[in-house]
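Overview (structure and organization)
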Amino acid sequence: MLSKRKISDRISNGWMIAALVCILLLPVIIGVALYFKSAPLLSEHTLGELITSSNWHPNKGNFGFWPFITSSMYVTLLSFVFAAPVCLLAGIYLTQFASKKLIDIMHPVIDILAGLPSVIYGVWGVLIVVPFTANVLAPLFNTESSGYSILSGGIVLAIMCIPYMLNMLIEIFNTVPRGLQEASLSLGASYWESVKHVVIRGSYPGIISSFGLGLAKAFGETLAVMMVVGNMVQATANPFKAGYPLPALIANNYGEMLSIPMYDSALMFAALLLLVIILLINLVFRYFIHKTQQR
Amino acid sequence: MKQAKLIEEKIFKSLSGIATYSLIAILAFIIVVIFVKGFNALSFDMITKTPKGGYYYGGEGGVLNAIIGSLYIALGATLIAVLIGVPAALFINVHLVRHKKTQTTVRYFLDALWGIPSIVYGAFGFTLMLYLGMNASLLAGIITVALLIAPIVVRTFDEVLSKIPIGMQESVLAMGSTKTETAFKIMLKQGFPGLITAILLAFGRGIGDAASVLFTAGYTDLIPVNLDEPAATLPLAIFFQLSSPIPEVRERAYAAAAILTIIILIISLSARALSRRYSKTIIK
């Protein structure tokens, strides 16, 4: 005869493990669902053709994702170039030089930056970054731009990624043993030298990983980028021209995707592409981080 | 030689200081811009009325439909995410506590899950919706957002639970409690401040996310009363109104953005205050 406590124990154990398994299976389920939706497209075109072709005419059944993929990579790379140095420097300052008071102020600042919804960054981008690109940056480089450009997308995205990367960097710098740094100081290194040779070198895999995860986050960001990037289908090397990243493609066309044959399949393929790329980057770099934290 | 070393230190120290303070400046800049632009257009009507006829041409009304819709979706989604996420986090820390390898692997996958962008959840929610024969509705939005924020609940709560000393569990088990009692009577209570943070974090993410509800929740000028009705959301209200060619409508997008920012700020700050307040009652 099972007691009431034993029965409730069994029920809740079942519930707990079911919940965990559900969450862990989620990416697989999402992947399979999106794959089935994009299967019609994949049966008509090869994967290589879809990715490398830049012929995008949904009405004629031509789906080339190259312009979208390049736009995505371009915006992501630009944002990385802006955000990475700031994160690295701020991370060092907050873990090595900053006073207790500044750290107490910075915690909520980083939290709020991370918590602001992407649409708010989008509004700010439209109000500030777009005119800034059109009226200040473009004349500086002797070109013309409407402001709705890859460069604007990169700037807005950089600010969105900073709190994300910075949080990881702070955690990584904090795992460097204090004793190692003190040893180098006692050998006559200046404070900065010990930071450079001990802290940065010691957390090298961690730094690379958080940069990688920051890139992945930037790659999937939708609304803020979409609001400032211009959304024109073209593969361009000029950052002052408009781009059309993958997430924006999905978000912009959901309304008409059921009225054109294969269009829904193409958009779901874009989502699948995003999922696979981002999940892969995450799995690889998270692995590095987990390895460093276990040491 | 020594001179160069010190100059280098000075340069980098000030550079990194500038980088840090510039983050405060950026945050202040964003908030000031949103508030200045938003408060100009913010009126009592904005938060107490739904859009009336001709609203999108500059007519009367407000964004009450979107405020309520967003609250419904975020509340519903948080509830589901807590029902899935809390037991999962407890399981990792109670049942798996002796299996370090499994624990690490599970955490590794959960971390990776956190990185999946919301537009992918949106696309998945849409696929699921078509498969089940549902329309864009409050329910579809709630489910999609719940999937999006469940990993956040698990990982944030788990982070706090993992810091509870294992001796606490051992002593409870030694007195004859079952694993369930250990999980819900001891771990849940000890980790309560962490749970509050996790819930508020997830709620904030849910209320501000646009890409996942874009496909699934639809948009309407009415306040939804049933789960199968479409619901407007604040981020989408901002997004749609901002793309309008009419200046008055764009002004309202700024006002709606100010409302959303205030909500997010309140959530952020109360998460800190509440978790500090509840951490007084736990056993150290």
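Residues numbered from 1 in each chain as written. Chains lettered and ligands numbered in written order. Predicted model: local features only at pLDDT ≥ 70, side-chain atom pairs only at ≥ 80, totals over all residues. Heavy atoms only, no water.

**Regarding the domain arrangement of chain B**
All names here are of chain B. Inclusion rule: Residue ranges for the domains originate in an automatic or database domain assignment. In what follows, a contact means two residues having at least one pair of non-hydrogen atoms within 4.5 Å. When two parts are brought into contact, each loses some accessible area as probed by a 1.4 Å sphere; the total of that loss over both is the buried area. Each polar contact in these results corresponds to two N or O atoms within 3.5 Å; when the atoms are within protein, one needs to be able to donate a hydrogen and the other to accept it, and residues that are neighboring in sequence are counted only if both atoms are side-chain atoms. By the convention adopted, Pro, Cys, Tyr, Trp, Phe, Met, Ile, Leu, Val and Ala count as nonpolar, Lys, Arg, Asp and Glu as charged, and the other residues, Gly among them, as polar.
Domains assigned within chain B are domain 1 (2–41) and domain 2 (48–281). Here domain 1 and domain 2 have C-alpha centroids that lie 31 Å from each other. Listed as interface residues are seven residues of domain 1 and, on the opposing side, nine residues of domain 2. Surface buried jointly by domain 1 and domain 2 totals about 660 Å² across both partners, of which 83% is contributed by carbon and sulfur atoms. Linking domain 1 with domain 2 are zero residue pairs in polar contact (both at pLDDT 80 or more), by the criterion used here. Grouping the amino acids of the side of domain 1 that touches domain 2 by side-chain chemistry returns five nonpolar, one polar and one charged.

**Let's talk about unusual backbone geometry**
Residues and elements named next belong to chain A. For clarity, the threshold we go by: Secondary structure is summarised from DSSP: a helix means a run of H or I of at least four residues, a strand means a run of E of at least two, and numbering begins at the N terminus for each.
We note that N142 has phi near 55°; this positive angle belongs to a residue other than glycine. Tracing the chain through its elements places N142 in the loop between α5 (118–140) and α6 (150–174). Positive phi values are uncommon outside glycine, yet N231 reaches one of about 55°. The residue N231 is located in the loop between α10 (223–228) and α11 (246–253) in this model.

**Quick look at the interface of chain B and chain A**
Note the cut-off: We define a salt bridge as a contact between a side-chain nitrogen of Lys or Arg and a carboxyl oxygen of Asp or Glu at a distance within 4 Å.
Facing the 81 residues of chain B at the interface are 79 residues of chain A. Our count for the contact surface shared by chain B and chain A stands at four salt bridges. For E8 of chain B, the salt bridge is made with K196 of chain A, and the minimal N-O distance between the two is 2.7 Å. At the junction of chain B and chain A, the tally comes to 14 residue pairs in polar contact (both at pLDDT 80 or more). No other element matches helix α1 (residues 2–41) of chain B, which puts 21 residues into the side of chain B that touches chain A.

**A few points about a nonpolar patch on the surface**
To keep it simple, the criterion reads: Note that patches include only residues with greater than 30% relative accessible area and no salt bridge, and the join distances are 9 Å for like charges and 5 Å for nonpolar side chains (Val, Leu, Ile, Met, Phe, Trp, Tyr). Each accessible area is a Shrake-Rupley estimate made with a 1.4 Å probe; only the visible protein chains count as cover when residues are assessed.
Together, I17, V21, L25, V28, I29, V32, Y35 and F36 of chain A make up a nonpolar patch on the protein surface, roughly 740 Å² of accessible area in all. Following the sequence through the fold, L25 of chain A ends up in helix α1 (residues 4–44).

**Overview of the environment of T178 of chain B**
Within the secondary structure, T178 of chain B sits in the loop between α7 (166–174) and α8 (179–190). Excluding anything up to four places from it in sequence, T178 of chain B contacts R5 and D9 of chain A together with L173 of chain B.

**Focus: the packing of helix α9 (residues 192–208) of chain B against helix α12 (residues 247–278) of chain B**
All names here are of chain B. The test is simple: The axes used here are C-alpha line fits, helices contributing only the stretch in contact, and every angle between their N-to-C directions lies in the interval 0 to 180 degrees. Working rule for angles: under 35 degrees goes down as roughly parallel, over 145 as roughly antiparallel, 65 to 115 as roughly perpendicular, anything else as oblique.
In the contact formed by α9 and α12, the axes pass within 8 Å of each other and the chain directions differ by 175°. Relative to α12, the element α9 is oriented roughly antiparallel. Two secondary-structure elements touch here, α9 through F192, P193, I196, T197, L200, F203, G204 and I207 and α12 through L260, I263, I264, I267, S270, A271, L274, S275 and Y278.

**Regarding the packing of helix α7 (residues 178–186) of chain A against helix α8 (residues 191–202) of chain A**
Residues and elements named next belong to chain A. The test is simple: Here is the rule for handedness: rotate from the far helix to the near one, and if that takes an anticlockwise turn smaller than a right angle the crossing is left-handed, while a clockwise turn gives right-handed.
The N-to-C vectors of α7 and α8 enclose an angle of 130°; their axes lie 9 Å apart at closest approach. Looking at the two axes, α7 sits oblique to α8. The crossing of α7 and α8 is right-handed. Packed against α7, whose contacting residues are R178, L180, Q181, S184 and L185, the element α8 presents Y191, S194, V195, V198 and V199 at the interface. Residue composition of the contact of α7 with α8, by class: six nonpolar, three polar and one charged.

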